[in-house]
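Notes for the structure review
So you can see what is in the structure, the chains are spelled out below.
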Amino acid sequence: GAPMCGCIEQMPVVEYADCTDITSVTETYTVSADAEGLLSVDMSSDVTYGSCGGVGGLADHYKTINTDNTGAIDSHIVGQGGCSGAVEEKLSIYGYTRSEFEIVSVQSLPEGERTVRVTFNTKPSAGAADISKYNIYVSDTSEALGLSHGIDYIDRDYIDLITVDPPVVGVSYQLETIQDISSRVAPMVKVDTGFTMAVTETKWDAITIGNSYIWGQIETPPNYSREYMSISSPEITNIIFENNGRAHGSQTGWGAWYEEKPTFSEQGVIWGNKAVQIGRWRIKQIDDQHISVSHENDNVSRIYRDDGTIHGNVAAFSGFLTPLGEPSCAYLTENYLQIGDWRFAEFEEERKTFLSVSHKRGRTARLYETNGSSHGGPRVDRNAWAWEKGVALQGNDECFSTSSTVPNVISFGDWKIAQMRDTNWLSFSSNYPNTPMLFQSNSRRHGGPRLDWGAWVEVPTSSAEGVQFGDKAVQIDQWRIKQFDDNHLSITHSNGVVGRVYRSDGDTFTSNSYSGYITPLGEPSCAYVSENYIRVGDWRIGQIGDHLAITHITGHTAMYYTNDGYHYYGLKYEPNSWLSGEGSVLQGSAENCNPYHDVETYVQIGSSFRLSYMLGGIGSSYLSLSSAYPDTPVIYKSDRSIHHGPRTDYNAFTNKKPALSEHGVEYGDKTVQLYDWRISEIDDQHLSITHSSGGVTRIFRSDGTIHGSVADFSGYDKELGAPSCAYLSEEYLQLGSWRIGAYSQKTISISHKEGYTSEVFDIVGNRHPGPYSDFQFSSWNLPKGSVLEGSDAGCDSTSAIA
């Protein structure tokens, strides 16, 4: 203790000291003599004491009697609450601080977890996790959240309280101490009973990509000097990033699927400008070519480059050199994480699952497989930029590209035509996915089925112009698809080499004479892309069902690609991509396009015969008489030649449909017109078959004889006129005094009403020339039928021949 009397410098530091002073003194002296006469004096005193300092005690009294040095007492008597600061000041002289113990945070783990973590400023004593020392309750109702047990950690500054039920998200909770909680180092330092603190909700410092991968900051013990972030699958940890700039390959442990859970925080994952921050780690696009994984200490554990290569710790590529920024072009979908021009995507295949790290320009830098394998780049497969954009679940998907290039691809329906990998390749690919055809700039063609080179699984190249539309032409960077003339479409590389030429009759060939680069691209005219097809002049490259056909406007299909990767040349008739209907103009221009005619041009005579307009070769037109057997008895050609059967080609019932025209079959004055063919009664004695070019292919005379080409008998020497005595019934076609009629299911004849038959054809394709003078084969034996097409007005009252 302190002496009752001593120098002030020896006085201990106290908050308050009382002051005692003498208030009154009484002294008594008694003198007496003894027997011998000696005198003695006795003294007695009475001293009364009282407080001398008033309310301020000794400090105030000292200042009253020591007016010249009133402050000397202040460093020893420090007033109420002053001891703590005085002790701190004294200890600091010797390099010490006084121990304090407090709760710094109370956090509930993310949704679904039953853990409330209580974190102290230093390690708590053993037994701090005893649940009898705590109460967690709903702030508004005081309803208790039941506690199951607690977990102490010897080497950590927190405890975990395990609840009976998970805390409800959005409900406010409080933690209260029911007993004192002691510090491990200084047990006398405590968190007092009755301390309360709000429980804060948290989120994982992790991102889940698809069903198999978690990218997260991993919780490490406090005595670890290093921190980690990993990409992990349920089976294994694929890669571990360390805050010293290193990265470690696959191993068990340190994965967010295992005992080492991700860390958690109030904010969780934070989205920025082409960046995402996970705890103390940042994944950020540094420029158009690079993305890095870096720690807040500026160590860079991984750099991915757009050429598919990977690089190590280069401080200049730290994502912490610039601010995180406002969220922009950094978001998560069901299957991928996009950061700027990069996608980290899950590819689930039949027996394997991968996480792909790929750039939008087409290169994949790394594949992480769920079995722990890592497949390096550069590579072009499993690039998520071949996918359509997904729906953003987190982050911001507004991407404003600073790139001056656009993809070299046209997409329509389930098909894409794209320049792939470099400027030397053009791919036709389906979303099956299969690639049925790959064109190379040296004129070689590589047919499918194949799974590579497809624009649905790989990323097309990019260029400044991308896809351009011209005069009946579309250009995909260094490739041009152009209508060369009325009958030819070609695919050409910019070096002048032609990959393929398609002809309007359905044939295909290769010749550099048909290069699409001989003439300029021109202004956009009749070249556009729609929902399910591309139109280039009189050609349509269009989806039919799941497949793709390259078809001329006349109906001839020159190429057919199936979605399972096969290709077929020159099918000619079916499938016809023009039958898929008209679509909207999504890109390009539909100006100056020729109209598409969709009416089949034929007449049905009886149940077994058709007279039809057919497309022939280049510049050729045919008129075919065909049976349903199926055989073709006769073909009339626009060059005035005639080809008799039996034959099976150009049959309107089977392998070649009747050609299409704007008006189909037209009827005139004793004339029927099938597109550019006319069958006309020239006078009472003659019927002719004439092509619009002026060539008379056949003349039938009323005496049953047949004659060749005589220009004076052309059906085009007069106007078609209004329908008059030209009509079709169920069994015959009548033109004036002539009938072309099926007098049985097996035969058809061309007969004059006076009784002569010029020609008979049977169902198996045979020709039986006349003249026949009896009425055995005459189609005039047939009773007059109902008018199905045309008009019977103007016909003589001639009835069927008895």
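The notes below deal with the structure included here. (Residues numbered from 1 in each chain as written. Predicted model: local features only at pLDDT ≥ 70, side-chain atom pairs only at ≥ 80, totals over all residues. Heavy atoms only, no water.)

1. Comments concerning the pairing of strand β13 (residues 206-209)
Looking down a regular strand, the side chains alternate between one sheet face and the other. In terms of strand pairing, β13 meets strand β14 (residues 213-218) through four bridges, oriented antiparallel. Residue T208 lies in a different strand from β14, and its bridge partner there is I214. Connecting β13 to the antiparallel partner β14 that follows it, the hairpin turn spans three residues, and G210 within it adopts a positive phi of roughly 70°. (Pairing = 2+ DSSP bridges. Helix = DSSP H or I, 4+ residues; strand = E, 2+ residues; numbered from the N terminus.)

2. A few points about the sheet that holds strand β63 (residues 696-701)
Ordered by their spatial adjacency, six strands build an open sheet running β59-β60-β61-β62-β63-β64, and the pairing between neighbours is antiparallel. Across the chains shown, the open sheet's two edge strands, defined by having one partner strand only, are β59 (665-668) and β64 (706-707).

3. A few points about the pattern of salt bridges
A complete count under the given rule lists 20 salt bridges for this structure. Residue D306 is joined to R361 by a salt bridge in which the shortest nitrogen-to-oxygen separation is 2.6 Å. Here the residue D306 occupies a position in the loop between β23 (300-305) and β24 (310-311), and R361 occupies one in the loop between β28 (353-359) and β29 (364-369), the gap between them amounting to 55 residues. The class for D306 is buried, based on a relative accessible area of 12%. Using a relative accessible area of 31% as the deciding quantity, one classes R361 as partly exposed. We note a salt bridge from R540 to E582, for which the minimum N-O separation is 3.1 Å. Here E582 lies in the loop between β50 (567-572) and β51 (587-589) and R540 lies in strand β47 (residues 539-544), a separation of 42 residues in the sequence. Each of E349, R379, D381 and R382 takes part in one network of salt bridges that share partners. (Salt bridge = Lys/Arg side-chain N within 4 Å of Asp/Glu carboxyl O. Buried < 20%, exposed > 50% of the residue type's maximum accessible area, 1.4 Å probe, protein only.)

4. A look at unusual backbone geometry
Residue Y432 is joined to P433 through a cis peptide bond whose omega torsion reads 5°. Residue Y629 is joined to P630 through a cis peptide bond whose omega torsion reads 15°. Positive phi, close to 70°, is recorded for N592, a residue that is not glycine. Topologically, N592 is positioned in the loop between β51 and β52 (599-600). We note that Y675 has phi near 55°; this positive angle belongs to a residue other than glycine.

5. Examining the side chain of T671
One can find T671 in strand β60 (residues 671-674). Polar side-chain contacts of T671 include one of 2.8 Å to the backbone oxygen of D669. For T671, the side chain forms a polar contact with the side chain of S680, separated by 3.2 Å. Beyond its immediate chain neighbours, meaning those up to four positions away, T671 contacts E666, R678, I679, S680, K718, L720, A726 and L735. (Polar contact = N/O pair within 3.5 Å; in protein donor to acceptor, adjacent residues only side chain to side chain. Contact = heavy atoms within 4.5 Å.)

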